[in-house]
Structure formats: C-alpha cells, structure tokens
Amino acid sequence: MELTPLVQPGQQIIERYGPSGFRVSGTVYLGPVLVFPDRTLVWADATFTEAGLAPVVEHGGVELLLLGLGRHMAPVATALRTALKARGIAVEAMETGAACRTYNVLLAEDRRIAAALQPPV
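Along each chain, residues carry numbers from 1 onward, in the same order as the chain's sequence is written. It should be noted that, the model being predicted, local features are given only for residues of pLDDT at least 70 and side-chain atom pairs only at 80 or more, the latter also being counted only at that level, while totals for whole chains, interfaces and linings use all residues. Water and hydrogen atoms play no part in the side-chain values, which are based on all heavy atoms of the structure.

Draft legend 1. Representation of the pattern of salt bridges in the model. Whenever a carboxyl oxygen of Asp or Glu lies within 4 Å of a side-chain nitrogen of Lys or Arg, that contact is scored as a salt bridge. Evaluated as defined, the whole model comprises 5 salt bridges. With its nearest N and O atoms 3.3 Å apart, the salt bridge here joins Glu50 to Arg87. Taken together, the residues Glu50 in the loop between strand E5 (40–42) and helix H1 (54–59) and Arg87 in the loop between helix H2 (78–86) and strand E7 (90–94) connect sequence positions 37 residues apart. Burial classes follow relative accessibility: with a 1.4 Å probe on protein chains only, a residue under 20% of its type's maximum area counts as buried, one over 50% as exposed, and anything between as partly exposed. Classification of Glu50 as partly exposed rests on a relative accessible area of 43%. A run of DSSP states H or I qualifies as a helix once it reaches four residues; a run of E qualifies as a strand once it reaches two. Both are numbered from the N-terminal end.

Draft legend 2. Region of interest: the nonpolar core. Membership of the largest hydrophobic core comes to 18 residues, with the highest contact counts inside it found for Ile14, Val35, Leu66, Tyr103 and Leu117. Secondary structure elements with two or more residues in this core: strand E2 (21–24), strand E4 (33–35), strand E6 (64–69), helix H3 (96–108) and strand E8 (113–118). The element contributing the most residues to this core is H3, with 5 residues. Residue contacts are defined here by distance: any two heavy atoms, one from each residue, within 4.5 Å place the two residues in contact. Once residues within four sequence positions are removed from consideration, Leu117 is found in contact with Ile14, Phe22, Pro32, Val33, Val35, Trp43, Gly68, Ala99 and Cys100. The definition of a nonpolar core used throughout is a set of buried Ala, Val, Leu, Ile, Met, Phe, Trp, Tyr and Cys residues joined through side-chain atoms within 4.5 Å.

Draft legend 3. A look at the sheet that holds strand E3 (residues 27–30). The rule for pairing is simple: two strands pair if DSSP sees at least two bridges between them. Across the sheet, which stays open at both edges, the 3 strands sit in the order E1-E2-E3 with antiparallel pairing between neighbours. Looking at strand neighbours, the two that pair on one side only are strand E1 (14–18) and E3, the edges of this open sheet. Going from strand to strand, the sheet's axes swing by 15 degrees on average, the running direction of each strand aside. When E2 meets E3, the two strands line up antiparallel, connected through 4 bridges. Bridging from a neighbouring strand, Gly21 pairs with Leu30 of E3. Contacting E1 and E2, H3 runs over the sheet at an angle of about 175 degrees to E1. A fitted line through C-alpha atoms represents every axis, and for helices the fit uses only the stretch in contact; the resulting angles, taken between N-to-C directions, go from 0 to 180 degrees.

Draft legend 4. Looking closely at the sheet that holds E8. One open sheet holds the 5 strands; their spatial order is E5-E4-E8-E6-E7, and the pairing between them is mixed. Two strands lie at the open edges of the sheet, namely E5 and E7, each paired on one side alone. Geometrically, the sheet is characterised by an average inter-axis angle of 15 degrees between neighbouring strands, direction not taken into account. Note: E6 against E7, 5 bridges, orientation parallel. Paired with Leu66 across the bridge in E7 is Glu92. Running over the sheet, H3 touches E4, E6, E7 and E8 and is turned about 155 degrees from E6.

Set out below in structure tokens:
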C-alpha cells in the first residue's frame, strides 16, 4: 500500500525535519522555513508575530497557516490570530513534527495552506 501523499509536480512536500532544519522537495534548508504549495522560503524573521508572518500574507491565497513551534506548544497570541483572521487566514499552532505531517496531508487534498516552521530543538 502506497502511504506517500500524492502531490502535483512542482508542489512542495516536506520530506524530513530535524534540529538543524528541513528537507522540502529534495532541497535542504537550514533553520526555520515558510512552506507554501508552490515554494519554500528561508524564514529570515522567524518570529510568530504579524511582522514575522508578513510573507505569508504577501504570498496571498493562504486559508490555513500551520505554525510549527518546535518541540513545545504555546497558544497563538490573540492579536496575531485576529490580524490573520482579518486577512482570511486561519491559524493552528502545534509541534513541528505534527505541523509537517498535517501540511503534507492537506497539500495532498489541494488545500490552500502554508506552514511556518521552527526546527524542533
């Protein structure tokens, strides 16, 4: 039985993650990343703030943003949740491994998603 999610050519699938970073569609990224269905970016301002997540808003077309918080959980700040909701983006915070797995499943379902991921350290 094939367990690998089916994705369209060119879509960004998260293949591996670890304390040093991520492998997305064959490319290794050191440190935090922003993953969209069509591209992956090194996340320069890797903060879970409105300014840090501005590239997600600028990308457009995102309906759900997954926050990979490393190995720890924390609630999303109300102000951030409200600011993203005003732009039509729902947000869910979880451990990074769970965010990677959830992203891949939702990508295979053709959902309009993005993931902001901190390495699990």
